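Structural features, examined
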Amino acid sequence: MNKKILLLIVFMLILVINPKTALSGAVCGLNLWFDVIVPTLLPFMIISYLIQNVYGSTIKNPLLYTTLIGLFCGYPMGAYAVSSMYRQKRISKSAAYLLLACCNISSPAFVISYISLSSLEIDTFPYGILLVNYIPVFLILIYLFITEKVSYTSQTEAVLMPLSFETFDNAMTNSILNILKLGAYIIIFSIFAAFASNFPIRGPILKCLFIGSMEITTGIRYAVNTNLEKDILIPLVLVINAFGGLSCAFQSNTFIKGSDLSIKKYICNKLLLALLTFISWYLLAYVFKIHLG
């Protein structure tokens, strides 16, 4: 029997044997999708679709455009913007990989509200977490803006659409389809994370990292509930957030598939970003003595 089919059958049996955990994970993922992803991402998806299809080849600076979309809109709109510019040959392949790693990240609203205020309960200076999150991102972007040669005109024959009701309707249809795909990925990986929380992994740090590697919100919530000291909890949450989890990776793959960009290399670059984020936290906390929590 094919190993992939056998793996799927085993997973289905696990769902049947332990339906309570599966239901808990699915409900958690569904709530996350409905309460956070749909209201925050859907409007940006519609607007981004219109920008790409109405004004795509007229965007003067593709690096600046992808940076702004990625940093302000968060997952997975950064991947959408990068893949669009790469398909139009406005940015190189190496730049696309770096932009996927540093611009396809959690939005500032998510970092401040969910991580700083809600999860870590940092009331005095919640922007410190955002600062640590963005230091390696800005360093990579500075390197790109200095070294990368961008194309200020599209090298593909992209057909631009007029801004009309039909174009807006296409944007709605395309965005709703993508948001439904994202919801399915979130639910699936929330189920994985729910089962991962029951794995007999020794040490709360390793277990938090394992769960966070599946889905970031579930991993962060589990980390907060472990009662770890703040000087351990904060870098742990920062690393989980920087990597983004396999859920975000598969969401991003929705947009980059069909190109020659590799999801495996994207994951490796995200691991590197997580490492750089940890180093940034260590330098701020222990070298520059900045209180972050």
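Please read these numbers as outputs of a predicted model, since none were measured by experiment.

Conventions used here
Residues numbered from 1 in each chain as written. Predicted model: local features only at pLDDT ≥ 70, side-chain atom pairs only at ≥ 80, totals over all residues. Heavy atoms only, no water. Helix = DSSP H or I, 4+ residues; strand = E, 2+ residues; numbered from the N terminus. Rg over C-alpha atoms; globule rule 2.2 N^0.38 Å. Buried < 20%, exposed > 50% of the residue type's maximum accessible area, 1.4 Å probe, protein only. Contact = heavy atoms within 4.5 Å. Areas by Shrake-Rupley, 256 points an atom, 1.4 Å probe, with all protein chains shown as cover. Axes fitted to C-alpha atoms, helices over the stretch in contact; angles between N-to-C directions. Parallel < 35°, antiparallel > 145°, perpendicular 65-115°, else oblique. Left-handed = near helix turned anticlockwise from the far one by under 90°. Nonpolar A, V, L, I, M, F, W, Y, C, P; charged D, E, K, R; others polar. Core = buried A, V, L, I, M, F, W, Y, C linked by side-chain atoms within 4.5 Å. Patch = residues over 30% accessible without salt bridge, like charges linked within 9 Å, V, L, I, M, F, W, Y side chains within 5 Å. Salt bridge = Lys/Arg side-chain N within 4 Å of Asp/Glu carboxyl O.

Description of the overall build of the protein chain
- Within the protein chain, the secondary structure is distributed over 13 helices and 0 strands.
- Starting at the N terminus, the α and β elements of the protein chain follow one another as α-α-α-α-α-α-α-α-α-α-α-α-α.
- Over its C-alpha atoms the protein chain spans a radius of gyration of 20 Å, differing by no more than 12% from the 19 Å that the globule rule assigns to 293 residues.
- By its C-alpha atoms, the protein chain is 55 × 55 × 35 Å across when sized along the principal axes.
- Put simply, the protein chain has 293 residues, and 49% of those count as buried.
- Across the protein chain, the fraction of contacts at a sequence separation of at least 24, relative to all contacts at a separation of at least 6, is 79%.
- Total accessible area computed for the protein chain in this model is approximately 14900 Å², and 70% of it derives from carbon and sulfur atoms.

Some points on the packing of helix α5 (residues 93-103) against helix α13 (residues 263-287)
- Orientation of α5 relative to α13, taken along the N-to-C sense of each, is 50°, at an axis distance of 9 Å. In this view, α5 runs oblique relative to α13, as classed from their interaxial angle. In terms of crossing hand, the pair formed by α5 and α13 is right-handed. Contacts from Tyr97, Leu98, Leu100, Ala101 and Cys102 of α5 reach α13 at Lys265, Tyr266, Asn269, Lys270 and Leu273.
- Residues of the contact of α5 with α13, tallied by class, amount to 7 nonpolar, 1 polar and 2 charged.

Description of the nonpolar core
- Counting residues in hydrophobic clusters, the biggest one holds 71 residues, and the most contacted among them are Ile91, Leu99, Ile115, Leu120, Ile129 and Ile179.
- In terms of residues, this core owes the most to one element, helix α2 (residues 19-55), which gives 10 residues.
- In this structure, isoleucine 115 is in contact with Phe110, Leu120, Ile129, Ile220, Val237 and Asn241, ignoring residues within four places of it in sequence.

Concerning helix α6 (residues 108-119)
- Taken residue by residue, α6 has Pro108, Phe110, Val111, Ile112, Ile115, Ser116 and Ser119 as its buried positions.
- Buried-residue contacts for α6 involve α3 (62-73), α7 (127-147), α10 (216-224) and α11 (230-243).
- Residue glutamate 121 follows α6 closely and has a positive phi angle near 55°.

Structural notes on the packing of helix α12 (residues 245-256) against α13
- Taken N-terminus to C-terminus, the directions of α12 and α13 make an angle of 135°; their axes are 10 Å apart at the nearest point. Classified by the interaxial angle, the pair formed by α12 and α13 is oblique. Considering how the two elements wind past one another, α12 and α13 form a crossing that is right-handed. Contacts between α12 and α13 pair Leu246, Cys248, Ala249, Ser252, Asn253 and Ile256 from the former with Ile263, Tyr266 and Ile267 from the latter.
- Considered class by class, the residues forming the contact of α12 with α13 number 7 nonpolar, 2 polar and no charged.

Some details on a nonpolar patch on the surface
- Together, Leu272, Leu275, Phe278, Ile279, Tyr282, Leu283, Tyr286, Val287, Phe288 and Ile290 make up an exposed nonpolar region whose accessible area comes to about 920 Å².
- Classification of leucine 283 by relative accessible area gives partly exposed; the value is 37%.

Some remarks on the side chain of serine 83
- Within the fold, serine 83 resides in helix α4 (residues 77-87).
- Its relative accessible area of 3% is what places serine 83 among the buried residues.
- Sequence-distant contacts of serine 83, that is, excluding residues within four places in its chain, are made with Phe255 and Ile256.

Keep in mind that these numbers describe shape and distance, not what the molecule does.
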